[in-house]
Amino acid sequence: MLMVLSILWGGSFFFTSVALQALPPLTLVVLRVGLAALILNLVLPLTGSRLPRGPEIWMAFVGMGLLNNVVPFCLIVWGQTQIASGLAAILNATTPLFTVAVAHLATSDERMTGRRLAGVLVGLAGVAVVIGPAALTGLAANVLAQVAVLAAAFSYALAGVFGRRFKRMGVPPVATAAGQVTASTLLLLPVAILMDRPWTLAVPGLSVWGAVLGIAALSTALAYVLYFRILATAGATNLLLVTFLVPVSAILLGALVLGERLDGRHYLGMALIGCGLAAIDGRPLRLVRTRPGRGSRLDPPETYQGRDI
């Protein structure tokens with residue numbers, strides 16, 4: 001699920017670059033969450049679910065919408081108008097670093113360890129190697145745009161920890177995704193109408209509408225169903241490792257679909273990311289341990305967040 005999510009979110013950078021040719025950033029964000037809300041609310045009855053009611057749950061939806069959609073989407077889309085997408089991807093890959101720190105302070109079961117911190121740093125180094133040194137050429141310029149993308153990464157980290165409450169509330173992932181993007185749409189729509197006056201814009205072409213539909217249906221609606229399912233089962237820290245995998249997905253898709261050649265740095269970067277993921281998750285390291293004198297048998301049954309492995 002994490003790999004599929006990385007592919008869906010990796011595509012959002014492409015869709016955004018196409019849509020920004022004809023749409024201002026705020027209007028694009030509203031179309032993204034608004035169409036995703038429409039899709040998910042149509043899908044809800046087919047899954048036997050419905051949007052929950054009550055002020056407490058809707059305040060949680062509003063908080064999640066702000067932290068996971070409104071703030072980061074606006075910051076990243078605006079940042080992409082000022083800096084290269086490769087640099088934006090590297091800065092966005094700091095999300096797990098922020099998440100490790102936030103989860104350590106705010107939770108009791110996702111504590112920071114030396115292994116986790118080392119894994120995050122190794123994974124971040126892998127992302128930088130995969131994307132390459134060319135992405136860092138504009139590092140000294142457009143500092144404000146870079147700070148905006150870093151602030152978006154921090155907001156994602158806060159959202160990952162904040163979103164853990166929906167499992168305790170008994171809200172299924174598809175309903176949580178629908179509630180989040182619905183709340184985000186209600187927050188953003190009046191601002192976009194006031195700031196962008198969309199009725200004055202030229203009618204976009206088919207390629208732009210295709211990009212808007214792709215980013216709404218795939219990179220938002222479907223992606224957030226996976227997001228909340230992973231969050232409920234694997235925790236915030238493991239969930240937000242997806243930002244390490246997004247550049248890997250983009251590189252592999254380019255090689256498989258477009259026939260692009262992979263360089264040595266791509267393989268090295270992906271190996272570093274794999275090592276970082278293994279260190280943070282911990283299970284691959286535990287699975288290779290064996291009992292003395294017992295061949296390759298595993299240690300006594302362990303659990304990972306309450307589940308036997």
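The model shown is predicted, which means the values in this text are computed figures rather than measured ones. (Residues numbered from 1 in each chain as written. Predicted model: local features only at pLDDT ≥ 70, side-chain atom pairs only at ≥ 80, totals over all residues. Heavy atoms only, no water.)

1. Topic: the packing of aromatic side chains
A full pass over the atoms with the stated rule returns 9 aromatic pairs. Ring centres of F61 and F166 lie 5.4 Å apart, and the angle between their planes is 15 degrees; on these two criteria the pair is classed as stacked. Of this pair, F61 sits in helix 3 (residues 55-80) while F166 sits in helix 8 (residues 165-168), placing them 105 residues apart in sequence. The pair F61 / F166 is uniform in exposure class, with both members buried. Between the aromatic rings of F98 and F154, the centroid separation amounts to 5.5 Å while the plane-to-plane angle is 75 degrees, which identifies the pairing as edge-to-face. (Phe/Tyr/Trp six-rings, centres within 6.5 Å; stacked < 30°, edge-to-face > 60°. Helix = DSSP H or I, 4+ residues; strand = E, 2+ residues; numbered from the N terminus. Buried < 20%, exposed > 50% of the residue type's maximum accessible area, 1.4 Å probe, protein only.)

2. Some remarks on the nonpolar core
In this structure, L5, W9, L40, Y224, Y227 and F228 are the most contacted members of the largest nonpolar core, which totals 63 residues. Among the secondary structure elements, those contributing two or more residues to this core are helix 1 (2-19), helix 2 (25-43), helix 3, helix 5 (95-106), helix 7 (143-162), helix 9 (173-196), helix 10 (206-239) and helix 11 (242-257). With 16 residues, helix 10 is the largest single contributor of residues to this core. Here F228 is in contact with M64, F166, P173, T176, A177 and Q180, once residues within four sequence places are set aside. Membership of the second largest hydrophobic core comes to 15 residues, among which are L245, V248, I273 and L277. (Core = buried A, V, L, I, M, F, W, Y, C linked by side-chain atoms within 4.5 Å. Contact = heavy atoms within 4.5 Å.)

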